[in-house]
Amino acid sequence: DIVMTQSPDSLPVSLGERATINCKSSQSVLYSSNNKNHLAWYQQKPGQPPKLLISWASTRESGVPDRFSGSGSGTDFTLTISSLQAEDVAVYSCQQYYATPYTFGQGTKLEIK
Amino acid sequence: QLQLQASGSGLVKPSETLSVTCTISGGSIITNDYSWSWIRQPPGKGLEWIGYIYHRGSTYYNPSLKSRVTISVDRSKNQFSLKLSSVTAADTAVYYCARGGQGGSGSANWFDPWGQGTLVTVSS
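Residues numbered from 1 in each chain as written. Chains lettered and ligands numbered in written order. Predicted model: local features only at pLDDT ≥ 70, side-chain atom pairs only at ≥ 80, totals over all residues. Heavy atoms only, no water.

Engineer: Before we go on, may I ask you to explain the state of the cysteines in this structure?
Structural biologist: Each disulfide is one covalent bond, formed between the sulfur atoms of two cysteines. Residue and element names in this part refer to chain A. For the coordinates displayed, the defined rule picks out two disulfides over all chains. What pairs with Cys23 in a disulfide is Cys94, and their sulfur atoms sit 2.1 Å apart. Its S-S torsion of approximately 80° makes the covalent link between Cys23 and Cys94 right-handed. In this pair, Cys23 sits in strand 3 (residues 19-25) while Cys94 sits in strand 11 (residues 90-96), placing the two residues 71 residues apart along the sequence. When its relative accessible area of 0% is taken as the criterion, Cys94 is described as buried. (Disulfide = S-S within 2.5 Å. Helix = DSSP H or I, 4+ residues; strand = E, 2+ residues; numbered from the N terminus. Buried < 20%, exposed > 50% of the residue type's maximum accessible area, 1.4 Å probe, protein only.)

The following block contains the structure:
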């Protein structure tokens, strides 16, 4: 199985400041045939199911604010929130869909400092 | 707008079988040959993918759970279901259903949308 490891587990950030969450996979999730990274990011607010934010490591889903961005390739990925808003408080998880079984990171809890 | 809703047995005794069903509305389970997945989240922990099914009935299960999992589909009711046998306290979790991709290497196999999960507690 591909192991996904996120850091940090918890991240306190002041409103308006930048938040950076890291995700590392135990093997590359870059698929050579399409040159795409098979990596997604989700946002999960308390009592709600996860919501897809980003696919292909850097493609924002429709309706996702542009303060959210994804980057990285191969085994190392980053989710960045450029200016933290109160409504961004949530748990963020990465997921690889390069190979079954599909696996998730353990989640990073983003909170207001 | 496609919506999914999970429902099921809220309390299950150890060694018994957990059963949850996902009802799809606003779209058809046979559209575009998507996969339909079950994913669970133990309280305070991360997400674990359980397996998927296609409307024609083909399945793939996480090897870590394969011996205990059965996923089935009812096209007439626009539903798919999960059964997990021989449960223990470690199977206590919120069980989510979600639409996946079309499977296969190189495909867009993320999960979107997700249903509002259902909490299943294993306790005597």
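Engineer: Help me out: how do you make sense of the sheet that holds strand 1 (residues 3-8) of chain B in this one?
Structural biologist: Sheets are built from strands paired through backbone hydrogen bonds, the pairs being either parallel or antiparallel. Residue and element names in this part refer to chain B. Spatially, the four strands line up as an open sheet ordered 1-3-8-7, and their pairing is antiparallel. Whereas interior strands pair on both sides, the edge strands pair on one side only; in this sheet they are strand 1 and strand 7 (69-74). Adjacent strand axes in the sheet meet at a mean angle of 20° when their direction is disregarded. Taken together, the six bridges between strand 3 (residues 18-25) and strand 8 (residues 79-84) define a ladder with antiparallel strand orientation. (Pairing = 2+ DSSP bridges. Axes fitted to C-alpha atoms, helices over the stretch in contact; angles between N-to-C directions.)

Engineer: Teacher, can you tell me more about unusual backbone geometry here?
Structural biologist: It is generally the case that most residues other than glycine have a negative phi and that most peptide bonds are trans. Of the consecutive residues Ser7 of chain A and Pro8 of chain A, the connecting peptide bond is found in the cis state with omega at -10°. Of note, Pro8 of chain A is situated in the loop between strand 1 (4-7) and strand 2 (10-13). The phi angle at Ala57 of chain A is positive, at roughly 70°, despite the residue not being glycine. Among the structural elements, Ala57 of chain A can be located in the loop between strand 7 (51-55) and strand 8 (59-60). A positive phi angle is found at Asp33 of chain B, which is not glycine, with a value near 60°. Mapped onto the elements of the fold, Asp33 of chain B is located in the loop between strand 3 and strand 4 (35-41). Here Asp33 of chain B falls in the partly exposed class, since its relative accessible area comes to 31%.

Engineer: What's the story with the environment of Ser83 of chain A in this structure? I'm lost.
Structural biologist: Residue and element names in this part refer to chain A. Its place among the elements puts Ser83 in the loop between strand 10 (76-81) and strand 11. Along the sequence, Ser83 and Phe68 sit 15 residues apart, while their C-alpha atoms lie 8.8 Å from each other. Contacts of Ser83, omitting those with residues within four sequence positions, involve Gly16, Glu17, Arg67 and Asp88. Side-chain polar atoms of Ser83 contact the backbone oxygen of Gly16, separated by 3.4 Å. (Contact = heavy atoms within 4.5 Å. Polar contact = N/O pair within 3.5 Å; in protein donor to acceptor, adjacent residues only side chain to side chain.)

Engineer: What exactly am I supposed to notice about the environment of Arg99 of chain B here?
Structural biologist: All names here are of chain B. Inspection of the secondary structure assignment puts Arg99 in strand 9 (residues 93-99). C-alpha separation for the pair Arg99 and Ile53, spaced 46 residues apart in sequence, amounts to 9.9 Å. Aside from chain neighbours lying at most four places away, what touches Arg99 is Leu2, Leu4, Tyr34, Ser35, Trp36, Trp110, Phe111, Asp112 and Pro113.

Engineer: What should I look at first to understand the pairing of strand 9 of chain B in this one?
Structural biologist: It is a general feature of regular strands that their side chains alternate between the two faces of the sheet. All names here are of chain B. The buried count for strand 9 comes to five of seven residues, which makes it a mostly enclosed element. In this sheet, strand 9 lies alongside strand 4 in antiparallel orientation, the contact comprising six bridges. Each bridged residue has a counterpart across the sheet, and for Arg40 the counterpart in strand 9 is Tyr95. Here strand 9 runs beside strand 10 (residues 118-122); their pairing, made up of three bridges, is antiparallel. Note that in strand 10 the partner of Ala93 across the bridge is Val120.

Keep in mind these numbers describe shape, not what the thing actually does.
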